[in-house]
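Analysis of the macromolecular model
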Amino acid sequence: PPAAGADELRVKNPGQSGIDRVMKTFSCKACGAKVSYDPSVKALACAYCGSSYVIEEEQAAFAERPNRIVPFAFDKTQAEQRFWKWLGKGFFRPRDLTKKSALNEIRGVYMPFWAFDADAYSNWSADAGYHYYEKEAYTEKDQQGHTVTKYRDVQKTRWQPASGAHSAHYEDFLVSASKGLDQEWVNKIAPFELTQAKSYNGDYLAGFAAENPSIDPAGGRGTAAVELQKKETAECARLVPGDTHRNLNVRSSFANWNYDLALLPLWISAFLYKDKVYRFLVNGQTGEVQGSAPFSWLKLILVLLIAAGVIGGATLVALLLGQQ
């Protein structure tokens, strides 16, 4: 179990602040995001919603100096190519999606992430289920119309209590430090290879935007604890003996929290299809694309009709065979 004071939140690089580079900070009045742009970036539009309703503010330095940065691995043109390839995938997307979609300008943004280290200690209890089989009698008509008794194996489950413990060390668990980037999006666009991160240098920001953290470390730790609890629950579930389980109860505590601020590369934009805006992200290191896209209800209906036809045909064949 954690020792007293082990829940203290410690920064990995204390005593440093600022980004060591002149930046222009803009506040979007449409969605509220605050993004810092390199002065060489001429297009002043919100990286999140595309709105041009932005107001320049006095430069606000990072509350804590970024410790690490993962540089962009490919340029804007390659990011757009990855987007169009992603957009064309998926059976249930409209056939004219790639032809009739209008892509907004795609922007490279260094997004702030809190990278947490923590130790987890969990105790779990559950009902462990062990499958076994029993013979069950049933009747049916044979080909001559006579009622006959047959037997089949039926699965049963024997339940018994089980309990145990689990501990783990989590390293560099990423949590969004931006109110504009939900943790759900982070989980989708991850992973980032932090082993390839560089020590922070403001020169990496040249030509790109960089968002100031809008979630403090304490708030980020709250999100990290929720996400790590999910991981602990999954790990404890794997420890339950038997073939299945129920009533799993996991009690976790976390200690030895350490964190630093990492800037990670994302290409951010949106596209327009039939007067509706869909947002997407491209991982600037791995090329992973995630976003929302329209759904073709016509294709779904066709699939359901075909499936219904197959099931109906199989039922008809079974009835005909049963009458012979």
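Residues numbered from 1 in each chain as written. Predicted model: local features only at pLDDT ≥ 70, side-chain atom pairs only at ≥ 80, totals over all residues. Heavy atoms only, no water.

**Topic: the environment of Ile215**
When you line up the elements, Ile215 lands in the loop between strand S10 (209–211) and helix H4 (217–239). Residue class for Ile215 comes out partly exposed when judged on its relative accessible area of 24%. Separated by 36 residues in sequence, Ile215 and Lys179 have C-alpha atoms that sit 6.5 Å apart. Not counting residues within four places of it along the chain, the set of residues in contact with Ile215 comprises Trp114, Ser176, Ala177, Ser178, Lys179 and Gly220. (Helix = DSSP H or I, 4+ residues; strand = E, 2+ residues; numbered from the N terminus. Buried < 20%, exposed > 50% of the residue type's maximum accessible area, 1.4 Å probe, protein only. Contact = heavy atoms within 4.5 Å.)

**Looking at the pattern of salt bridges**
Overall, the coordinates contain 10 salt bridges when judged by the stated rule. The partner of Asp260 in a salt bridge is Arg68, with the nearest N and O atoms 2.9 Å apart. Separated by 192 residues along the polypeptide, Asp260 in strand S11 (residues 244–273) and Arg68 in strand S5 (residues 68–69) bring together distant segments of the chain. On the accessibility criterion, Arg68 (15% relative accessible area) is buried. Among the ionic pairs, Asp127 bridges to Arg246, the shortest N-O distance being 3.3 Å. Here the residue Asp127 occupies a position in strand S7 (residues 107–141), and Arg246 occupies one in strand S11, the gap between them amounting to 119 residues. With relative accessibility at 38%, the residue Arg246 sits in the partly exposed group. Each of Arg68, Asp172 and Asp260 takes part in a single network of salt bridges with overlapping partners. (Salt bridge = Lys/Arg side-chain N within 4 Å of Asp/Glu carboxyl O.)

**What about the side chain of Ser176?**
Its location among the elements puts Ser176 in strand S8 (residues 147–176). For Ser176, a relative accessible area of 3% puts it in the buried group. Only 3.0 Å separates the side chain of Ser176 from the backbone oxygen of Ser178, close enough to count as a polar contact. Dropping the residues within four chain positions of it, Ser176 is found in contact with Pro112, Phe113, Trp114, Leu181, Gln183, Val186 and Ile215. (Polar contact = N/O pair within 3.5 Å; in protein donor to acceptor, adjacent residues only side chain to side chain.)

**Description of the nonpolar core**
Judged by nonpolar contacts, the single largest core of 19 residues is most densely connected at Met111, Phe113, Leu174, Leu181, Leu264 and Leu266. When contributions to this core are tallied by element, the ones reaching two or more residues are S7, helix H3 (183–189) and S11. Those residues in contact with Leu264 that sit more than four places away from it in its chain are Val70, Val109, Tyr110, Met111, Phe113, Leu174, Phe192 and Leu194. (Core = buried A, V, L, I, M, F, W, Y, C linked by side-chain atoms within 4.5 Å.)

**Quick word on the confidence of the model for the protein**
Detailed conclusions should not be drawn from predicted coordinates in areas where pLDDT is low. Mean pLDDT over the protein stands at 79; residues scoring 70 or higher make up 65%. Within the protein, helix H5 (residues 297–323) has the poorest average pLDDT of any element, 48, and H4 the best, 96. In this model residues 313–321 is a low-confidence stretch, pLDDT under 50, and it forms 0 contacts with partners more than four residues away in sequence or in other chains. (pLDDT = per-residue confidence, 0-100.)

**Observations regarding the side chain of Ser122**
Summarising the element assignment, Ser122 is placed in strand S7. Judged by its relative accessible area of 3%, Ser122 is buried. Within the structure, the side chain of Ser122 is placed 2.6 Å from the side chain of Glu232, a separation counted as a polar contact. The contact partners of Ser122, leaving out residues within four places of it in the chain, are Gly164, Ala165, His166, Glu232, Cys236, Val250, Arg251 and Ser252.

**Some words on unusual backbone geometry**
A cis amide bond links Ala190 with the next residue in sequence, Pro191, at an omega value of 10°. With respect to the helices, strands and loops of the structure, Pro191 is situated in the loop between H3 and strand S9 (198–199). Here Asp172, not a glycine, exhibits a phi torsion of approximately 55°, which is positive. Within the secondary structure layout, Asp172 lies in strand S8. Judged by its relative accessible area of 21%, Asp172 is partly exposed. Backbone geometry places Asn256, a non-glycine residue, at a positive phi of 55°. Here Asn256 is to be found in strand S11.

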